[in-house]
Amino acid sequence: TSGNITADEVSVGLKGMGELNISGGVFDASTFLRVSSSVTSDGGVNGSGTINLTGGTLNATTGTPTYVGYNQIDTVTSPQGINTDTKYTGNFNVSGGTFNAVDNIDIGRTSAGVLTISGSGAVNITNANLSLGHQVSGSGTLNMNGGTLDMVITEGYTNTCLLYTSPSPRDA
């Protein structure tokens, strides 16, 4: 419930099941923060991930995009010749504590992603965008059941909450 962690390239549910529970302290992620993702360069397997922030602080530092729902593999052939296309939902639950982002947040970048803010949870986005359903293969959901969502702009920046439908204008 206390302490400090600084980590580079944070993946929760990369090619498997993953869960990160933060109830106190400070967790600094740099380079990227991915929830429920896959890696295409090695043949790939989709992963299933969840972050539960109930206290403390999670920081996605400058230059660290956050992707919730980043499964990229459409078809996987097992050694037995069985094709699967399971894309798992990435979940990010903020019911307490604070999530600070200074780079874009994509909920449902290439697969399903859900951001749920509730209780005393706070999500602060500075000089960046919040995208729901970023690409044609993605679907994003924001559940606001309490807490706060602040999008702050400083001089020289813009930020937007982007809500995409399928197909996305970005993929045309």
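Because the structure is a prediction, the values reported are computed rather than measured.

Cut-off values and rules
- Residues numbered from 1 in each chain as written.
- Predicted model: local features only at pLDDT ≥ 70, side-chain atom pairs only at ≥ 80, totals over all residues.
- Heavy atoms only, no water.
- Helix = DSSP H or I, 4+ residues; strand = E, 2+ residues; numbered from the N terminus.
- Buried < 20%, exposed > 50% of the residue type's maximum accessible area, 1.4 Å probe, protein only.
- Contact = heavy atoms within 4.5 Å.
- Areas by Shrake-Rupley, 256 points an atom, 1.4 Å probe, with all protein chains shown as cover.
- Pairing = 2+ DSSP bridges.
- Salt bridge = Lys/Arg side-chain N within 4 Å of Asp/Glu carboxyl O.
- Polar contact = N/O pair within 3.5 Å; in protein donor to acceptor, adjacent residues only side chain to side chain.
- Phe/Tyr/Trp six-rings, centres within 6.5 Å; stacked < 30°, edge-to-face > 60°.
- Lys NZ or Arg CZ within 6 Å of the ring centre and 35° of its normal.
- Core = buried A, V, L, I, M, F, W, Y, C linked by side-chain atoms within 4.5 Å.
- pLDDT = per-residue confidence, 0-100.

## Side note on the overall build of the protein
Each helix and strand counted, the protein has zero helices and twelve strands in total. Tracing the protein from N to C terminus, the helices and strands come up as β-β-β-β-β-β-β-β-β-β-β-β. Per-residue burial for the protein yields a buried fraction of 42% across its 172 residues. When contacts within the protein are restricted to residue pairs at least 6 apart in sequence, those whose partners lie at least 24 apart make up 73%. Total accessible area on the protein is roughly 8,100 Å²; 48% of this is exposed by carbon and sulfur atoms.

## Some words on unusual backbone geometry
Positive phi values are uncommon outside glycine, yet Thr 31 reaches one of about 80°. By secondary structure assignment, the location of Thr 31 is in strand S2 (residues 17-37). Relative accessible area serves as the criterion here: at 34%, Thr 31 is assigned to the partly exposed category. Positive phi outside glycine occurs at Ser 36, with the angle close to 65°.

## Some remarks on the pairing of strand S4 (residues 66-70)
Judged by how many residues are buried, S4 sits mostly within the fold: five of five residues are covered. Where S4 meets strand S8 (residues 105-107), three bridges bridge the pair, whose relative direction is parallel. Paired with Val 68 across the two strands is Ile 107, which belongs to S8.

## Here's the deal with the pattern of salt bridges
Summed over all chains, the structure comprises one salt bridge. Notably, a salt bridge pairs Arg 109 with Asp 106, separated by 2.4 Å at the nearest N-O pair. Here Arg 109 matches Asp 106 in class, with each residue buried.

## Some remarks on the side chain of Asn 59
Within the fold, Asn 59 resides in strand S3 (residues 48-60). Among the polar contacts made by the side chain of Asn 59, one reaches the side chain of Asn 100 at a distance of 2.9 Å. Excluding anything up to four places from it in sequence, Asn 59 contacts Val 26, Phe 27, Asp 28, Ala 29 and Asn 100.

## So, the packing of aromatic side chains
One pair of aromatic rings is described through two measures. These are the centre distance and the angle between the planes. All chains considered together, the criterion is met by two aromatic pairs. With a centroid separation of 4.8 Å and 25° between ring planes, the pair formed by Tyr 67 and Tyr 70 is classed as stacked. Tyr 70 matches Tyr 67 in its accessibility class, with the two residues each being buried. Between Phe 92 and Phe 99, the ring centres sit 4.9 Å apart and the planes meet at 65°, which makes this aromatic pair edge-to-face. Summarising the burial analysis for this pair, Phe 92 and Phe 99 share the class buried. The side chain of Arg 34 reaches across the aromatic face of Phe 32, ending 4.0 Å from its centre.

## Some points on the nonpolar core
Ranked by size, the top nonpolar core spans 26 residues in total, and within it Ile 51, Leu 58, Phe 92 and Phe 99 carry the most contacts. Of all the secondary structure elements, the ones that give two or more residues to this core are strand S1 (4-14), S2, S3, strand S7 (90-101), S8, strand S9 (112-126) and strand S10 (130-132). Sequence-distant contacts of Phe 92, that is, excluding residues within four places in its chain, are made with Ile 51, Leu 58, Val 68, Phe 99, Val 114, Leu 115 and Thr 116.

## So, the confidence of the model for the protein
Summing up the model confidence of the protein, the mean pLDDT is 82 and the portion of residues at 70 or higher is 77%. Predicted confidence for residues 165-172 stays below pLDDT 50, and this span has eleven contacts to residues more than four positions away or in other chains.

## Looking at the environment of Met 17
Residue placement: Met 17 occurs in strand S2. Each C-alpha atom of the pair Met 17 and Ser 48 lies 4.8 Å from the other, and the pair is 31 residues apart in sequence.

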